[in-house]
Amino acid sequence: MAEAVLLAISKIGMVLSDEVINFVIDSLSQKITNLRELPENVKHIGTELSMMNNVIQDLDTKNLSINVVKGWIAELRKLAFHVEDVMDKYSYHAFQLQEEGSLKRFFKGAHNAKIFSDIAEEVVLIKGEIEQLKKLQKDYFPAVQLVPSPDVIERRGSQGCLPELVQDEDLVGIMVNRTKLIGWLDSNEPNSTVITVSGMGGLGKTTLVLNVYEYEKIKFPINAWITVSQTYTIDGLLRELLRKIGCTEKPSTSIDKMDVHELRQEIRSNLQGGRKCLFVLDDVWNKEVYLQMEDIFKNLQASRIIITTRKDDVASLASSNCHLQLQPLGSPDAFNLFCRRAFNNTTDRMCPTELKNVAASIVERCKGLPLAIVSMGSLMSSKKPTEHAWNQMYRQFRSELAKPDNVQAILKLSYNDLPGNLRNCFLYCSLFPEDYIMSRESLVRQWVAEGFAVTNENNTPEDVAELNLVELINRNMLQVVDNDELGRVNTCKMHDIVHDLALSIAKDEKFGSANDKGAMIQMDKDVRRLSSCGWKDSDASRVSFPRLRTLMSLDAVTSTPHMLASILSGSSYLTVLELQDSVITEVPASIANLFNLRYIGLRRSRVKSLPECIEKLSNLQTLDIKQTKIEKLPRGIVKVRKLRHLLADRVVDEKHQDFQYFVGVQPPKDLSNLVELQTLETVEATDDLADQLNKLRKLQSVWIGNVSAKHSEKLFVTLSKMPLLSSLLLNASDENQPLHLEALNPHSKELHRLIVRGRWAAETLHCPIFHGHGKNLKYLALSWSGLHEDPLQLLAPHVPNLTYLSLNKASTADTLDISEGCFPQLKTLVLKNLSNVNLLMIGKGSLKNIEGLYIVALPRLDKVPKDIESLCSLKKLWLLYLHKGFKAQWDKDGMHQKMAYVLELRME
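The text that follows walks through the structure, step by step, so that each part is easy to find. (Residues numbered from 1 in each chain as written. Predicted model: local features only at pLDDT ≥ 70, side-chain atom pairs only at ≥ 80, totals over all residues. Heavy atoms only, no water.)

Counting secondary structure elements, the chain contains 30 helices and 31 strands. Every one of the 908 residues in the chain was classed for burial, and the buried ones make up 55%. A sequence separation of at least 24 residues applies to 65% of the contacts in the chain between residues at least 6 apart. Carbon and sulfur atoms make up 49% of the accessible area of the chain, which totals about 38500 Å². (Helix = DSSP H or I, 4+ residues; strand = E, 2+ residues; numbered from the N terminus. Buried < 20%, exposed > 50% of the residue type's maximum accessible area, 1.4 Å probe, protein only. Contact = heavy atoms within 4.5 Å. Areas by Shrake-Rupley, 256 points an atom, 1.4 Å probe, with all protein chains shown as cover.)

Quick look at the packing of aromatic side chains now. Applying the stated criterion across every chain, the model contains 17 aromatic pairs. Where Y428 meets F432, the ring centres are 6.3 Å apart and the plane angle is 65°; that geometry is what we call edge-to-face. The exposure classification of Y428 matches that of F432, with both residues buried. Taken together, a centroid distance of 5.9 Å and an interplanar angle of 75° make the contact between Y428 and F452 edge-to-face. Of the two residues, Y428 sits in helix α20 (residues 420-428) while F452 sits in the loop between α21 (440-450) and α22 (461-474), which places them 24 residues apart along the sequence. (Phe/Tyr/Trp six-rings, centres within 6.5 Å; stacked < 30°, edge-to-face > 60°.)

In this structure the tally under the stated criterion is zero disulfides. Cysteine C339 remains unbridged, with the sulfur of C351 as its closest cysteine sulfur at 4.8 Å. Of the residues examined, C339 reaches a relative accessible area of 5% and is grouped as buried. Left without a disulfide partner, C429 is nearest to the cysteine sulfur of C492, which lies 6.3 Å away. Accessibility expressed as a relative area gives 1% for C429, which makes it buried. (Disulfide = S-S within 2.5 Å.)

Turning our attention to the pattern of salt bridges. The final tally for this structure, using the stated rule, is 37 salt bridges. Where K217 meets E214, a salt bridge forms, and the shortest distance between an N and an O atom there is 3.1 Å. For K217, a relative accessible area of 8% gives the class buried. Between D691 and K714 there is a salt bridge, with the nearest N and O atoms lying 3.1 Å from each other. Residue D691 is found in helix α25 (residues 689-693), and its partner K714 is found in helix α26 (residues 709-721); the two are separated by 23 residues along the sequence. Of the residues examined, K714 reaches a relative accessible area of 45% and is grouped as partly exposed. Connected through salt bridges with shared partners, the residues K11, E84, D85, D88, R528, R547 and R549 form a single ionic network. (Salt bridge = Lys/Arg side-chain N within 4 Å of Asp/Glu carboxyl O.)

Right, let's talk about the pairing of strand β18 (residues 679-684) for a bit. Where burial is concerned, most of β18 is hidden: six out of the six residues are buried. Note that β18 and strand β19 (residues 701-707) share four bridges and pair parallel. Its bridge partner lying in β19, L680 is registered against V702. (Pairing = 2+ DSSP bridges.)

Right, let's get into the packing of α21 against α22. As a packed pair, α21 and α22 sit with axes 9 Å apart at the nearest point and diverge in direction by 115°. Crossing angle aside, the handedness with which α21 passes α22 is right-handed. The residues of α22 that touch α21, namely those facing R440, L443, V444, W447 and V448, are P461, E462, A465, E466, N468, L469 and L472. Looking at the contact of α21 with α22 residue by residue, the classes come out as eight nonpolar, one polar and three charged. (Axes fitted to C-alpha atoms, helices over the stretch in contact; angles between N-to-C directions. Left-handed = near helix turned anticlockwise from the far one by under 90°. Nonpolar A, V, L, I, M, F, W, Y, C, P; charged D, E, K, R; others polar.)

Looking now at the sheet that holds strand β5 (residues 323-325). To summarise the sheet geometry, strands pair through backbone hydrogen bonds and adopt either a parallel or an antiparallel arrangement. Read from one edge of the open sheet, five strands run β2-β3-β4-β1-β5, paired in parallel fashion. Because the sheet does not close on itself, it has two edges, and the strands there are β2 (222-227) and β5. Going from strand to strand, the sheet's axes swing by 10° on average, the running direction of each strand aside. Pairing of strand β1 (residues 193-198) with strand β4 (residues 304-309) involves six bridges; the strand directions are parallel. For T196, the partnering residue across the bridge sits in β4 and is I307.

Moving on, we get to the pairing of β19. Burial of β19 is extensive: six of the seven residues sit out of reach of the surface. In this sheet, strand β20 (residues 727-732) lies alongside β19 in parallel orientation, the contact comprising five bridges. Its bridge partner being in β20, S701 is matched across the sheet by S727.

What follows is about helix α3 (residues 38-57). Between its first and last C-alpha atoms α3 spans 29 Å; for 20 residues at 1.5 Å apiece the expected length is 28 Å, and the two agree. Turning to α3, its buried residues are L38, N41, V42, I45, G46, E48, L49, M52, N53 and I56. (Expected span 1.5 Å × (residues − 1).)

Listed below in structure tokens is the structure:
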């Protein structure tokens, strides 16, 4: 298919709808003859591309494998890439002329005249290329037998494609294997035992083991699930294991600095004591994964290590008595599973009589593979349940289902069923490493930067991108990892088999390439998107990718700064630069030449400063320098008028013990010029910050540090007037500085997240932010509040709709009481560093929706809260660094058994 065509059409639409660009072109066309027809020529190209895209959509899947058709689509793709490049160049230079007020300057210099004349000539050239493509289609398509259009299946927004996280009710045909696994876990074998579960992709190895793990891990005081990617590193696996077994006393950065020897020592230290352990190593492709960790596991008493794999040599790590080789489902179970998905909207989930034959044919083609069965069931669930419609669908898909790797073929059908606007978003996810947890906010901003989501009626591009994300999840192309306080997706991931599919299509479509651990100099020079984690060829003197749009490295970059400078200097169309967690210390000055750059991600890198020339990046939308070493923004940042998201706080105390463990940057002079800002995190309060913020009417998230009494009233009045404010952080200048919130009276009903770090002034709960607006708050985090009373009892009447509440060093009270009816919507409660608390009471009927309860560093809490086992919805429970008497009572009362329903229970 030609996803590139859709993006080119989108870029044309943005050009034609931009009044500024059209005004500039109209003005200049009086001097440059070939500009007069430019807008009309661009419109013509857009129309032609739309028609060609319709041609592709009308082709049956059989036709797409014909060489003539594939060749024609490849030529169309090249044309679309050319169009996209020219449209970006057109937009940038027209904006520059208008932004600089340089129409007068234009008439003085031949340089700008030549730029627009060349663009106009390229557009004329593209028109010629289109005519040639139309001729090729006319000349060669009649030579192939195209399937008639009546057999084409409509591609409407179907709701099912790929399997979501499988529910217990969908676990058909696994009870024998489940019983066998549990028996091996419960055996009396005193030594450490390795268990392997093997089989081809799509058989449900992970699903089976995950189901057993969640129900059985309560029997093992130490447990951990580690997903092993094909590009694993042993130190990376050891770090993850160390974190999973509860090494929370060490800051993350300390663990990151350990070498392999130190990691092994630390893990052994944490595993001492003879406690039973359960470890799962999921999706292991290389025997060395276990062999490099064997010395840690082999001396553990009565512990179990489960390994899932597709490789026979890995499966041989277990004795034959502890090796489970999965087989495809039998016909009855396969048909049952298919019907559960295909007819999930009916009460009995039974197959209608008239559909049984075609349903049986589909199931037979799936060859008993659960992933394929669930995928086809989900896909068919969106089609009209009539014999004609199902047979028509089956006839089209039959050849795909007959392919040797029919799991991938079935998943490809799901991809083909995606609406065009979602395909680029889906393929973009292939750039992330296998098993990578993707952040909603970052993903949405990258999609917007790439042009995959544009303004739609009353929705911002970010809104459209978020809707695309939700649609991909609804279609089960992505899986939700967790949600935020509003129920929105917070993070998500891609099933490894789906990731393989996305990589394959991205390569075929020339969309992009993931190059983990690969050699940079071996890459296609015309690659448009490149993900490279752990670059090699550090001595390569010159690497150039002239068509590059996205450069992504989400791990330590091992190359020299010269390589990054080389790539940037030779990639003038670069749009997204994501170097999160890399070890780079400086940004090359050549970044100033990237006229198309819209997203810079340097989070948690070692960069110390940004070059002053960043002011030339007039298209930049997102600048993420959170947790870097950058203390000051360049003065010229205020010239980047399209900036929408500025994230710039840094951590100064990695253990988070000091009051000022993180600080913001000084707000630049003329901050008010950045009128497109939606996100501002974090700036330090200054005397004129309120005046600057008063002009930024699009702000949605604002984080402010170093707030003192002299700033409060004027600053809070300004914040109150922001019409779109949804997230607010206020950090006092020091732990003894009281925060007077009387003037904070938000006009925005969207303000749902409030973080306040600092001492409360008297009568704070009577201030409008709590007394009037409190019912709108969903997320509340309080630190160093200086309260003497029970904060839970104080807050409950004022914030009844909270779904997230965190209290850190918030009170000196010795008793916390969660009485019946308190916080009925609360899903997450964090109680941390409350040094005087010796009693926590949980009333019956309270916290009915609680999913996560984190009780950390309450050193005087020596009694288990009565009725804690009544929290039936609880999924995660952390009980860390409490009085030693707490654990003694916990064990005495058999609480592990009473709370066996909790999926994640950590106790230290």
